[in-house]
Every structure is written in structure tokens, then in C-alpha cells.
Amino acid sequence: PHPHHPPAPSSQPYNLPIPRLHPRLLLHRQRLNYPSDSTRQARLTMKYYKFDCASLPDELFNKCTDVKEWLSLATTSTGKFPTGSLNRVVPIEKDVEIERINGISLYMIGNVLPFVLPMLSVASLFSDIGMLLLKLFMVYFTTLFALSKFFFFPYFISKYNRPKELSNTDVRENQYLHTERNNQKYTSLKFVWPESIHRPALDGQPVIFCAIPHGAAPLGITAYPIWSKLFNEKLCRWTCAPIVLKLPLISSYMRKVGYIPAKAKNIVETLTKKEENVGIILDGIAGMFQGHDEIAHIQQRKGIVKIALRAGVPIVPVYGFGHTSLWRVVQDPFGLLEKLSTKFEISLCPFFGRFGWFLGPPKRVGVCVCLGEPVRCPKIADPTQQDVDKYHSVLVKNYEQLFEQHKEAYGWGNKKLKFV
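These lines cover the structure that appears in this document, whether it is placed above or below.

Calculation rules
Residues numbered from 1 in each chain as written. Predicted model: local features only at pLDDT ≥ 70, side-chain atom pairs only at ≥ 80, totals over all residues. Heavy atoms only, no water. Helix = DSSP H or I, 4+ residues; strand = E, 2+ residues; numbered from the N terminus. Buried < 20%, exposed > 50% of the residue type's maximum accessible area, 1.4 Å probe, protein only. Contact = heavy atoms within 4.5 Å. Areas by Shrake-Rupley, 256 points an atom, 1.4 Å probe, with all protein chains shown as cover. Patch = residues over 30% accessible without salt bridge, like charges linked within 9 Å, V, L, I, M, F, W, Y side chains within 5 Å. Salt bridge = Lys/Arg side-chain N within 4 Å of Asp/Glu carboxyl O. Disulfide = S-S within 2.5 Å. 1 Å grid on protein atoms, 1.4 Å probe; cavity = no way out; pocket = protein on both sides within 12 Å on 5 of 7 lines; lining within 4 Å. Points joined across faces, edges and corners; volume = space filled by probe spheres on them. Nonpolar A, V, L, I, M, F, W, Y, C, P; charged D, E, K, R; others polar. Lys, Arg positive; Asp, Glu negative; His and termini not counted. Charge placed at Lys NZ, Arg CZ, Asp CG, Glu CD. Core = buried A, V, L, I, M, F, W, Y, C linked by side-chain atoms within 4.5 Å.

## Focus: the overall build of the protein
Move 1: Helix and strand counts for the protein come out as 13 helices and 13 strands.
Move 2: Among the 420 residues that make up the protein, the fraction classed as buried is 49%.
Move 3: In the protein, 80% of the contacts between residues at least 6 apart in sequence involve partners at least 24 apart.
Move 4: Summed over its atoms, the accessible surface of the protein is roughly 20,800 Å², and 60% of this surface lies on carbon and sulfur atoms.

Below you can see the structure in the form of C-alpha cells.
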């Protein structure tokens, strides 16, 4: 190296011994819930894998590709990844970028269409402003739909060599959508996981992937084939609010890529009878509402732990770094819309994306989906509240360790994760 330029710091941690602490200082740290010396040492020596979904060659994004080819592209790190390495946004093709600007905007407006259209229709009967708003809304929706249906759809079907229609039976094949492939590129999506869940650790058993935070829309989970291939061979079905599976247009698409209602009966049936993986956004709509620090609305979300105990399956905590930065959610000063949104599990808060676009495309923010240590749940036919509390506390602890492990690599060294 040049004598005036010191060598670049190594991405590998120094294997220095951790000094012993005075008993009083140790007690003080325990009261503040600091990680123990053994825990810190384990984090320094743990091996982590990183898979860059956005950089995956398009020809390998298909059902027939062996998972070994995907895993061969993963990089590793002992301990933490270098600071700022997990939030990098890479340039993408213009056709992909424009398609996502149009496609995500269409998806967002499609979610509110069943609610807004009737209200505007009624308003148009009583005022000229209502009629004007109705016309503008229909022109906007129709334009986005026409561009998606008649231009972007045939273009990307040809580019990615995908079938023209979704299968009514092959959910796994349907998960390789061109829209979700473009999501991966738009968000520079990366996956990070510890050696403890690297293949074949989770083979032969269903798994519950519990992801937070929701944000305005958790784009990190839409890499559906990753969940159905990278960690074990089982199909992964994500859950959503039952009302979403009743909406016109969107419901048909969501069912065909594997979505199920977020109800205990459907989740248990998927885990035990179908023996498939289940993914759930644990904080739900409450996860839209964030402050300077990240907020995990999971202290009262214990139902999934009870389900895991009854099924005897592990829970893998998942944190979507960047989910809360994709859109800006507007909240009223009294928190009324937040309370109503949380109660009815449907967003009543306006949010703005790229270019300040209302219900528009997200900002070009790098998203990194990080998985943590699994919570190994024994099979208990009738778990007690004590059982549920015990394993829920382990889940919360694993989320905290997961966030602390990777926040600096994502560029959030000054942020904390608060549990409510």
C-alpha cells in the first residue's frame, strides 16, 4: 500500500479476548439487559451468509434451478458484515425501474379501490367536486392498469420467459413472477442468515418465518421463491388479512402465489396437514407506525407462539431492514388514525413514496432481510400460558440480538429497536 494510505480495514473481526468485568459492573449490565460475554463472543465467531437476490442472473430465477446454484453465489462473513454494506442501492435497468413505478402504484391504488370507488361515486351525485375526483381517480387507475396489462406484462413475460397465465395448481411455479423479480432489483434486495439455519439445518420440517416490521408494504417478503427454496424444500405460504383475499382482482393473484388467511386454523392446517412453511408479518398494520428508532409491536403477539407449540415447529425471526424507509407514513397528531388502523387491521393513514407520490412507488432504498436464531418449539398439544410466555420471551430476545447484530452493517448504528 501507499505509505500515506493505510491499508483498508479487514471485514473480519479481530479475535481479541474479551476482558473480565468487575462483578458490580457485570450486575449493572445484566440489569440493563446487555448481552453476556459469551453471547458477544458467539456473535464474533458466528458465520453468516449473504445472498444478493437483485444480482441473481435472470436465467437462474426459475423453479428448476437447483438451490445449490443459488447458494454457490452466497458470500459469508465471520461476525458482522462491514459497516454500510447491507444497504447499498445498485443501478438497475430502466425498463425494470419504470415497470415498478407503474406496477407498485397500481397495486397500491388497487388495494383502496373497493373502498374509495363507492365513496367517490356517492360524492359525485351531490357535488361537481365529487364528480371531478371520481373522473380523475378512474383516469389514473385506468392508465396504470392499461400500461401494466397491455405493455409491461407481455414485455416482461417475454424477457423472463414466463408463462402468460398463472397456474391454478402449481403455486411454486407462480411464485416466480416477473413483478416480484423486479421488486428484488428495485430494492437491491439481500438476504442474510446465520449458519444455524443454513441448509440442511431446517430440512424435513415446516418452519414459521415471523417477519417485522410491516412498514407501508413489506416488499422484502415478496421474494416468494427464496422462502420456498433457500432454507428448505418446502413451499412457503404467506398470510394476510382475510379481507384482502376478498378484494376483486388482487385476491385471485394472491391466492395463486400461496397466500392464506391469517387465522390460526389455516396456519395450523398448512403446517401440520400440508407440512408447508408459513410466513407471517407479526406486527401487522401496527408496524406501519414508527419513530426515530425502530418499533417492534410484538409484545402482545403471542398467538403465533401457541400455534408453533401445538405444531411443534421452529419460529425463525426475520427483520426487514429498510421496510420503514420505503414510504413516508403521515400520522395525525392525536394518533387517532393509528389506533383505528391497528384496531381494524387496515391502513387508514395516507403515505407518500418516491417523488412525493401519494400511494405511489417506494423510494429507492436498499432492503436487507435478516434472519435470526430459530426458536425451537417442542410439540405441546395444550400449551399453558407459562409455556407461551417462555418461548415468546425467547423470540423477543432473538429479535433484539438479530437487530443488534446487523444494524451497523445496514448503516443504522445509532438506532435502537424498541418493543411495545
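## Some points on a nonpolar patch on the surface
Move 1: Among the surface-exposed residues, Ile-129, Leu-132, Leu-133 and Leu-136 lie close enough to one another that they form a single nonpolar patch of about 410 Å² accessible area.
Move 2: Within the secondary structure, Leu-133 sits in helix α5 (residues 128-159).
Move 3: Looking at Leu-133, the relative accessible area reads 43%, which means it is partly exposed.

## What to know about the state of the cysteines
Move 1: In the structure shown here, the tally under the stated rule is zero disulfides.
Move 2: Just so you know, Cys-370 is unpaired, no disulfide at all, and the nearest cysteine sulfur is the one on Cys-368, 3.6 Å from it.

## Here we look at empty space enclosed by the protein
One water molecule sets the probe size; rolling that probe over the atoms shows where empty space is left.
Move 1: Considering all chains together, one arrives at one cavity of 30 Å³ or more under this definition.
Move 2: Looking at the largest cavity, its volume works out to about 40 Å³.
Move 3: If you go around the largest cavity, the residues you meet are Asp-58, Phe-61, Tyr-160, Arg-162, Tyr-176 and Arg-181.
Move 4: Each residue belonging to the lining of the largest cavity can be placed in one class, and the counts come to three nonpolar, no polar and three charged.

## A word on a positive patch on the surface
Move 1: A cluster of basic residues, Lys-246, Lys-263, Lys-265 and Lys-273, forms a positive patch on the protein surface.
Move 2: Along the polypeptide, Lys-263 turns up in the loop between β6 (260-261) and α10 (264-272).
Move 3: When its relative accessible area of 46% is taken as the criterion, Lys-263 is described as partly exposed.

## As for the side chain of Asn-111
Move 1: Its location among the elements puts Asn-111 in helix α4 (residues 94-124).
Move 2: Of the residues examined, Asn-111 reaches a relative accessible area of 19% and is grouped as buried.
Move 3: Ignoring sequence-local partners within four residues, the contact set of Asn-111 consists of Leu-247 and Ile-250.

## So, the nonpolar core
Move 1: Phe-191, Trp-193, Phe-209, Trp-227, Phe-231, Trp-238 and Leu-371 are the most contacted members of the largest nonpolar core, which totals 106 residues.
Move 2: Among the elements that line this core, the one with the most residues is helix α13 (residues 385-406), at seven residues.
Move 3: Filtering out sequence-adjacent residues up to four positions away, Phe-191 remains in contact with Tyr-49, Lys-50, Phe-51, Cys-53, Gly-220, Ala-223, Ile-226, Trp-227, Phe-231, Val-369 and Leu-371.
Move 4: Residues Ile-92, Val-96, Ile-101 and Tyr-160 belong to the second largest nonpolar core, which totals seven residues.

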